[in-house]
Amino acid sequence: MNILTPLLVITIGITSCFSATEILQSTNSYLTTADRVHLKKILEPGLTSNDVALTYYAVHGYTFLKEVLPNKQDICNFLIKVIQDDNNITTEKAFYIASTWRNVGNCQTNPPSNIIKVLVSAIEKETLSMVELYYAVSGLTVLSEKLSRENVDNVIKTIQNTLRKDDNLWNLGYTFHIASDLGGTFGFDRIEDAIIQADEVDGQYLQFEGGLSVTSFLVNGIFKLSNTLKKKPPLTPQQIVKMANYLLSRRSVQTPRGVTSLLSALTTLANNDFEKPTCVILANEEISISTQQPFVTIRVCDILGNPLTNAFKVIANSATRVGDDVVIFSKQNLQPSSTDRTLFMMNFMETKPERGFYKISVTAGSVTNTVMVKVLCEVVVDHMEIGTADADQTTQPKLTRVHFPEKLSQKIEADSQQKLVMRFLLKDAANKKPMRTHQAFVRLSSASISNNDKRGHEILFVAETDTSHLYKFDMPVGGTAANFDYESGDYNVELIVGDAVLSNPFQWTMATVSLKFPEPSSTERADKNVFYKHKSNIYTTKPEIKHMFRKPEKRPPVFVSNLFTGLCLAPILLLLILWAKLGVNISNFPFSISAVTFHLGLGSIFILSGVFWLKLNMFVTLRYLFGLGIVTFLAGNKMLSRIAHKHKLR
């Protein structure tokens, strides 16, 4: 046996355990009352529209919202007028009229015969698109008109031929709806073909390419066909939850068609006979638990916000503190609310949890979800001491005790040889333990505002803690004089304490201190004046920033340039002298096309090198060199071949 096999089995088991904890069982939201009000407002204009399609979407949307139509007779009159005035009603318009007619339920007893005729004649056409076929079959089904066996066979044959050519998502959706209306099984085996084309986003959402319209259409078609055939669709509970999450994420839709698509799909998922998605979430998002509000309230409902019909218990499996994973309780029952069947509550503070964030695993029936709550604490100032000490620390600080939230009656005085000292301790009011906070600031601000500075001076310092959680603050007066611009005077001392888990953050003015700063030196005074001068013009228009090119370097004298050029040309002159001395046989030059082309090409390459040095860049030079090089190479090869051939003949 392979030694890796046991390790592989163990690894798969561990992975399965971790994966099981991450399985999505609950939706992350539901259709709230505010959502219903928003969607209803989108649908309202369609009830008085002169567009048959908009009227269809508005009426259907109201039906899904279970709202009463305010103007049924007006809608009926509008439909009758359209039927009488329009002599060329399309299959799509006939479907809209038939569906709206049936949904209103207050028009004439029998539907108009010409609408039925339009729908039947559409099916009997030899060439019919899938969308027309869907409108025709769905319209006749709404009007309770049955098709002949021959028409049914023709419809099935048309669908099968179309899917062989193009089985896109819309065609699959049309197939599911038509198969459901005809009661046939010919489309059920194609459901998996549609599902595998769904896109998963962030492990939370499942949608089809094309957005809300195609996703809603497919969801309705899949479950409609499954309910007709009494067969469970090939969808896992997690896939259904993710589809519901995607649909709920589109609650901000702004068109009547989008509203009807959303509501129809949500209603289908909420009322299907196989797997109904459940929502288990906090009743109040970002809930904070404290002694004043000790209850955790969980909402358990379907995706339409309705209470569940089956009997179940809501249990808090465990509560784990985020950060150190300490479990503070397990298996506690939540009590149902007496006023709302979707709410279940528990007193979280009975376990006396420490401040911080907690993850609570909640099970409602067979559905488990994890919610996050924040436990707040009340902070108290155990003791506060403020005073002065020598800056060189030769003597002990002279500190005075201040009680929260009182203010020290006498004024503290500190000069440039001293430092302002504070010592304070914060405790959790529940367990009396010392604590740290995210924000502990000491604020010094001018007690009296002068005419020269209407805002006064203000500066914030951070108070630091030691290992015993005791906060310490030391401010050397002389060393921080520049921060106060050397402005001596009275300053209010405030303590600002805040934290995400505090129920009572506070800002406490505890004392007034008189600070005497040293006189600034001449350099510091000049820097100060420059600072204020710059500060006064901080919002004025600044000079335009213009790009400055680097100035060209100074060129050498003309004599030096000419001398350098002559030295560069000297080898050419030497070549001509040596040719004259050796007696170059110019008369032996072969005056052929290849020879002339080769020498012209070679000369052109030399000239190109010179032009490159003067003005061209490398890329342009390479393009020219590529063409000249090929011509020169071919001509040179031809010329050398002829010379070699002449030597052989001799």
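Calculation rules
Residues numbered from 1 in each chain as written. Predicted model: local features only at pLDDT ≥ 70, side-chain atom pairs only at ≥ 80, totals over all residues. Heavy atoms only, no water. UniProt positions renumbered as here; feature names shortened; annotations may be inferred. Pairing = 2+ DSSP bridges. Helix = DSSP H or I, 4+ residues; strand = E, 2+ residues; numbered from the N terminus. Domains from an automatic or database assignment. Core = buried A, V, L, I, M, F, W, Y, C linked by side-chain atoms within 4.5 Å. Buried < 20%, exposed > 50% of the residue type's maximum accessible area, 1.4 Å probe, protein only. Contact = heavy atoms within 4.5 Å. Patch = residues over 30% accessible without salt bridge, like charges linked within 9 Å, V, L, I, M, F, W, Y side chains within 5 Å. Areas by Shrake-Rupley, 256 points an atom, 1.4 Å probe, with all protein chains shown as cover. Salt bridge = Lys/Arg side-chain N within 4 Å of Asp/Glu carboxyl O. Axes fitted to C-alpha atoms, helices over the stretch in contact; angles between N-to-C directions. Parallel < 35°, antiparallel > 145°, perpendicular 65-115°, else oblique. Left-handed = near helix turned anticlockwise from the far one by under 90°. Nonpolar A, V, L, I, M, F, W, Y, C, P; charged D, E, K, R; others polar.

Labelled according to an unreviewed UniProt entry, the protein chain appears under the name Dolichyl-diphosphooligosaccharide--protein glycosyltransferase subunit 2, originating from Bombus vosnesenskii. Recorded in UniProt under Pathway (unreviewed entry), the annotation for the protein chain is "Protein modification; protein glycosylation." The annotation that UniProt attaches to the protein chain under Subcellular location (unreviewed entry) is "Endoplasmic reticulum membrane".

**Student:** Explain the sheet that holds strand E13 (residues 379-390) to me, please; I cannot follow it from the model alone.
**Tutor:** Two pairing modes exist for strands in a sheet, parallel and antiparallel, and in both the strands are linked by backbone hydrogen bonds. In spatial order, the strands read E14-E13-E16-E20-E19; together these five strands make up an open sheet with antiparallel pairing. What marks the edges here is a single partner per strand, and that holds for strand E14 (398-402) and strand E19 (464-465). Here five bridges tie E13 to E14, and the two strands are oriented antiparallel to one another. Its bridge partner being in E14, Met384 is matched across the sheet by Val402.

**Student:** Help me understand the domain arrangement of the protein chain, please; the structure alone is not making it clear to me.
**Tutor:** Many structure descriptions define interface size as the accessible area lost when the parts assemble. When the domains of the protein chain are assigned, the result is domain 1 (32-138), domain 2 (147-274), domain 3 (279-375), domain 4 (379-515) and domain 5 (590-649). Taking only C-alpha atoms into account, the centre of domain 1 sits 45 Å from that of domain 3.

**Student:** Sorry if this is basic, but what is going on with the nonpolar core here?
**Tutor:** For soluble globular proteins, the rule of thumb is that nonpolar side chains tend to be buried together. In terms of nonpolar packing, the biggest core is built from 88 residues, with Tyr96, Ile115, Ile159, Phe176, Leu247, Leu266 and Leu269 touching the most fellow members. Of the residues forming this core, the biggest block, nine residues, is contributed by helix H11 (residues 212-229). Looking at which domains feed residues into this core, each of domain 1 (32-138) and domain 2 (147-274) gives three or more. Apart from residues no more than four positions distant in its own chain, Tyr96 is found in contact with Val52, Ala53, Tyr56, Tyr57 and Tyr135. Grouped together as the second largest cluster of nonpolar side chains are 39 residues, Ala440, Leu444, Trp508 and Phe517 included.

**Student:** Would you take a moment to explain the pairing of E13 for this structure?
**Tutor:** Residues in a regular strand point their side chains to alternate faces of the sheet. Here E13 pairs with strand E16 (residues 418-428) via eleven bridges, running antiparallel. When the sheet's bridge partners are listed, Val380 is paired in E16 with Lys427.

**Student:** Honestly, a nonpolar patch on the surface in this entry has me stumped. Any pointers?
**Tutor:** Together, Leu569, Ile572, Leu575, Leu576, Trp579 and Val584 make up a nonpolar patch on the protein surface, roughly 560 Å² of accessible area in all. When you line up the elements, Trp579 lands in helix H15 (residues 558-582). The exposure class of Trp579 is partly exposed, given its relative accessible area of 43%.

**Student:** Just checking my understanding: could you explain the packing of helix H12 (residues 237-249) against helix H13 (residues 256-271) for this structure?
**Tutor:** Packed helices, taken two at a time, are described by the angle between their axes plus the distance between the axes. Contact geometry for H12 and H13: axes closest at 10 Å, N-to-C directions at 150°. The orientation of H12 with respect to H13, classified from their angle, is roughly antiparallel. As H12 packs across H13, the resulting crossing turns out to be left-handed. Contacts between H12 and H13 pair Ile240, Ala244, Leu247 and Leu248 from the former with Leu262, Ala265, Leu266 and Leu269 from the latter. Residue classes in the contact of H12 with H13 are distributed as eight nonpolar, no polar and no charged.

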